[in-house]
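# Structural overview
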Amino acid sequence: MTNTQKISIDDIVIRDRARDVDSDWAKALAAAFREGEMLHPVTLWQDGDEAVLVAGLHRIEATLLNGETEIECRWSKAETLADAKILETSENLLRNELTKLDRAQHLAVLKEAYEKKYPQAKKGGDKQTAKGREKLNGIIPFSSDAAAKVGLSESAVLKAVRMWGDLSKASR
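The shown structure was predicted, so the numbers you read here are calculated from the model rather than taken from an experiment. (Residues numbered from 1 in each chain as written. Predicted model: local features only at pLDDT ≥ 70, side-chain atom pairs only at ≥ 80, totals over all residues. Heavy atoms only, no water.)

## Details of helix H7 (residues 154-166)
Put simply, the rule is: Counting from the N terminus, the helices are DSSP H or I runs at least four residues long and the strands are E runs at least two residues long. For a helix, the expected span equals 1.5 Å multiplied by the residue count minus one. Exposed residues in this analysis have more than 50% of their type's maximum accessible area, buried residues have under 20%, and partly exposed residues fall in between, with area computed by a 1.4 Å probe over protein chains only. To obtain the arc, one takes the directions from the helix axis to the C-beta atoms. Contact definition: two residues touch when any of their heavy atoms are within 4.5 Å.
Taking 1.5 Å per residue as the helical rise, H7 with its 13 residues ought to reach 18 Å, and the 18 Å between its terminal C-alpha atoms agrees with that figure. By the burial criterion, the buried members of H7 are Val157, Ala160, Val161 and Trp164. Along the axis of H7, the buried positions cluster into a sector of 95°, meaning they face one direction only. On its buried face, H7 sits against helix H4 (100-117) and helix H6 (142-150).

## Describing the environment of Arg59
In plain terms, the rule: Counted as a polar contact is a pair of N or O atoms within 3.5 Å, where, for protein atoms, one must be capable of donating a hydrogen and the other of accepting one, and residues adjacent in sequence contribute only when both atoms are in side chains.
By secondary structure assignment, the location of Arg59 is in helix H2 (residues 57-65). Residue Arg59 is classed as buried on the basis of its relative accessible area of 14%. Spatially, the C-alpha atom of Arg59 lies 8.1 Å from that of Pro41, the residues being 18 residues apart in sequence. Not counting the four nearest positions on each side in its chain, Arg59 is found in contact with Leu29, Phe33, Met38, His40, Pro41, Val42, Ile71 and Glu91. Within polar-contact distance, the side chain of Arg59 engages the backbone oxygen of Pro41 at 2.9 Å.

## Quick notes on the nonpolar core
Burial of nonpolar side chains together is a common tendency in soluble globular proteins. Note the following rule: We call a set of buried residues a nonpolar core when its members are Ala, Val, Leu, Ile, Met, Phe, Trp, Tyr or Cys and they connect through side-chain atoms within 4.5 Å of each other.
With 16 residues, the main nonpolar core has Ile7, Ile12, Val42, Leu44, Leu53, Ile60 and Ile71 as its most contacted residues. Going through the elements one at a time, helix H1 (23-35), strand E3 (42-47), strand E4 (50-55), H2 and strand E5 (70-75) are the ones with two or more residues in this core. Contact partners of Leu53, with chain neighbours within four places excluded, come to Ile12, Val13, Ile14, Arg17, Val42, Thr43, Leu44 and Ile60.

## Notes on the sheet that holds E3
For sheets, the rule is that strands pair by backbone hydrogen bonds, running either parallel or antiparallel. Quick note on the threshold: Pairs of strands are assigned from DSSP output, requiring at least two bridges between the strands.
The 5 strands are arranged E1-E5-E3-E4-E2 in an open sheet whose pairing can be described as mixed. Either end of the sheet is taken by a strand with one partner, and the two such strands are strand E1 (5-8) and strand E2 (12-13).

## Some details on the pairing of E5
Where E1 meets E5, 4 bridges bridge the pair, whose relative direction is antiparallel. Residue pairing for E5: Gln5 is matched across the bridge by Cys73. Bridge count for E3 against E5 is 3 bridges, and the pairing is parallel. Bridging across to E5, Leu44 finds its partner in Trp75.

## What about the packing of H6 against H7?
Rules: Every axis corresponds to a line fitted to the C-alpha atoms, with the helix fit spanning only the stretch in contact, and the corresponding angles, defined between N-to-C directions, vary from 0 to 180 degrees. Every angle not falling under 35 degrees, over 145, or within 65 to 115 is termed oblique; those three ranges are roughly parallel, roughly antiparallel and roughly perpendicular. Think of it as three bins: nonpolar holds Ala, Val, Leu, Ile, Met, Phe, Trp, Tyr, Cys and Pro, charged holds Asp, Glu, Lys and Arg, and polar takes everything else, Gly as well.
Orientation of H6 relative to H7, taken along the N-to-C sense of each, is 110°, at an axis distance of 8 Å. Taken together, the axis directions place H6 and H7 in an arrangement best described as roughly perpendicular. Packed against H6, whose contacting residues are Phe142, Ser143, Ser144, Ala146 and Ala147, the element H7 presents Glu154, Val157, Leu158 and Val161 at the interface. Looking at the contact of H6 with H7, its residues break down into 6 nonpolar, 2 polar and 1 charged.

See below:
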């Protein structure tokens, strides 16, 4: 495993980027970070005395949205600015984006895990009375939580989960 360290976000130099920040995606990441940990540290390159961002601008924005001032990072082995740019653009170009079917499967798996962890959030039950809401103890329904985390509408989350559930095992 790669060694990582925490660094002050103020110490990170952000130069010209291959793409701009998508504020909706940064907000979705921020919500996910509040619920758990950031799985992938940002990548920095040491250019003289500067810690230059190679990859992770959305993670930095999400961390700032959460009011944090430090972020987990790893150091790139890039030797030149050109090496750092190759790493930055490769991360964006070479990622394997989820297809709609993949996203539906992942949301269905997430729903199952969420409802195991928070059984009181399952569909049904008394959510209209004060006593019923008290039983939820601040737990929100899966569709609301997932929508906030992945940047989709609640309706889109529910449709994707339903689509996955309606597929036969053979067609998955």
